[in-house]
Amino acid sequence: AGIIKEQVLRLNTQVEKVLQLAKIERDNIELNVEEIDLSELIQSISTSIELKVNDKQGVLFLDLNAENPRIKADKLHLTNILHNLVDNGVKYSKQKPEIHIGLKNEDGQLVLSVQDNGIGIPKEHQKRIFDKFHRVPTGNVHNVKGFGLGLFYVKTMCKAHKWNLILNSELNKGTEAIIILPLGED
């Protein structure tokens, strides 16, 4: 009964995501933009992120060296982006996950990176990794749960905020997602 309840809750969450994404695809994205100190935001959610990482006996590293971490963004969507990227890093690690979240200023912008030591993404799948419902085959389909919506959501939210999203991945060496955000100064 417990497993059934857990799966029903998971399915409900996925249905909600699909509905939200349908709304997003119709260009009905309503961003609640506010000025955010991204360093403070990452630190405030690091405890919940660390719980996910520690669940698999992993380690979370924060490298928040930005001198100016202030941006304008929708806090809820930005938080979801971070959780999605960390979730993928944890889910796709065969060994103990090592998640590095970095934040630095570069060329008048803020650079956010989430790097893992997971299985990486084969070159032939990297072009489609942000497509809705696309999942990279991992061999055991029951091993990793999901519907292929996480990275589609990340890409969609980055696009809505006009942020650049870059993905670097090497098979068996891990993946790094980099988001380049303009500073929140007017």
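Calculation criteria
Residues numbered from 1 in each chain as written. Predicted model: local features only at pLDDT ≥ 70, side-chain atom pairs only at ≥ 80, totals over all residues. Heavy atoms only, no water. Pairing = 2+ DSSP bridges. Helix = DSSP H or I, 4+ residues; strand = E, 2+ residues; numbered from the N terminus. Axes fitted to C-alpha atoms, helices over the stretch in contact; angles between N-to-C directions. Left-handed = near helix turned anticlockwise from the far one by under 90°. Contact = heavy atoms within 4.5 Å. Nonpolar A, V, L, I, M, F, W, Y, C, P; charged D, E, K, R; others polar. Salt bridge = Lys/Arg side-chain N within 4 Å of Asp/Glu carboxyl O. Buried < 20%, exposed > 50% of the residue type's maximum accessible area, 1.4 Å probe, protein only. Expected span 1.5 Å × (residues − 1). Polar contact = N/O pair within 3.5 Å; in protein donor to acceptor, adjacent residues only side chain to side chain. Core = buried A, V, L, I, M, F, W, Y, C linked by side-chain atoms within 4.5 Å.

### Observations concerning the sheet that holds strand E2 (residues 59–64)
Either a parallel or an antiparallel arrangement is found when strands of a sheet pair, and the pairing is made through backbone hydrogen bonds.
Here is step 1: Ordered in space as E2-E4-E5-E7-E6, the 5 strands form an open sheet in which the pairing is mixed. Pairing within the sheet leaves two strands with one partner each, and these edge strands are E2 and strand E6 (164–170). When the angles between neighbouring strand axes are averaged without regard to direction, this sheet yields 10°.
Here is step 2: Relative to strand E7 (residues 174–182), strand E5 (residues 109–115) runs antiparallel, the two being bridged by 7 bridges. Across the sheet, the residue bridging to Val111 is Ile180, located in E7.

### Remarks on the packing of helix H2 (residues 38–55) against helix H3 (residues 75–91)
Here is step 1: Direction vectors running N to C along H2 and H3 enclose 35°, while the axes themselves pass 10 Å from each other. Note on packing geometry: the crossing formed by H2 with H3 is right-handed. Taking contact as the criterion, the partners of Leu38, Leu41, Ile42, Ile45, Ser48, Ile49, Lys52 and Val53 in H2 are, on H3, Lys75, Leu78, Thr79, Leu82, His83, Val86, Asp87 and Val90.
Here is step 2: A breakdown of the residues in the contact of H2 with H3 according to their chemical character gives 10 nonpolar, 3 polar and 3 charged.

### Here we look at the pattern of salt bridges
Here is step 1: Applying the stated criterion across every chain, the model contains 5 salt bridges.
Here is step 2: Across the pair Arg70 and Asp37 runs a salt bridge, and its minimum N-O distance is 3.7 Å. Taken as a pair, Arg70 in strand E3 (residues 70–74) and Asp37 in strand E1 (residues 33–37) lie far apart in primary sequence, 33 residues in all.
Here is step 3: What makes Asp37 buried here is its relative accessible area of 15%.
Here is step 4: The salt bridge involving Glu170 is made with Lys173; its shortest N-O contact spans 3.5 Å.
Here is step 5: Several salt bridges share partner residues, and in doing so they unite Glu35, Asp37 and Arg70 into one network.

### With respect to H3
Note: α-helices contain 3.6 residues per turn, so residues at a spacing of three or four share the same orientation.
Here is step 1: With 17 residues, H3 should cover 24 Å at 1.5 Å per step; its first-to-last C-alpha distance of 24 Å lies within 8% of that length.
Here is step 2: Summarising burial for H3: 12 of the 17 residues are buried, a large majority.
Here is step 3: The backbone nitrogen of Leu76 has a side-chain oxygen 3.1 Å away, supplied by the residue at the start of H3, namely Asp74.

### Some points on the packing of H3 against helix H5 (residues 150–161)
Here is step 1: With their axes 9 Å apart at the nearest point, H3 and H5 run at an angle of 145° to one another. Like other packed secondary-structure pairs, H3 and H5 cross with a definite hand, here left-handed. When H3 is examined against H5, the residues His77, Asn80, Ile81, Asn84, Leu85 and Asn88 are found in contact with a partner set consisting of Gly150, Leu151, Tyr153, Val154, Met157, Cys158 and His161.
Here is step 2: Its residues placed into classes, the contact of H3 with H5 shows 7 nonpolar, 6 polar and no charged.

### Brief notes about the environment of Ile45
Here is step 1: Mapping Ile45 onto the fold places it in helix H2.
Here is step 2: Assessed through its relative accessible area of 10%, Ile45 is described here as buried.
Here is step 3: In sequence terms Ile45 and Thr79 are 34 residues apart; their C-alpha atoms lie 7.9 Å from each other.
Here is step 4: The residues contacting Ile45, other than those within four sequence positions of it, are Thr79, Leu82 and His83.

### Some details on the nonpolar core
The tendency in soluble globular proteins is for nonpolar side chains to be buried as a group.
Here is step 1: Counting residues in each nonpolar core, the largest one holds 36 residues, and the members touching the most others are Leu38, Ile71, Ile81, Ile101, Leu112 and Trp163.
Here is step 2: Counting residues per element, the ones that place at least two in this core are H2, E2, E3, H3, strand E4 (98–106), E5, H5 and E7.
Here is step 3: Once residues within four sequence positions are removed from consideration, Ile101 is found in contact with Ile42, Ile49, Leu60, Phe61, Leu62, Asp63, Leu64, Val86, Leu112, Ser113 and Val114.

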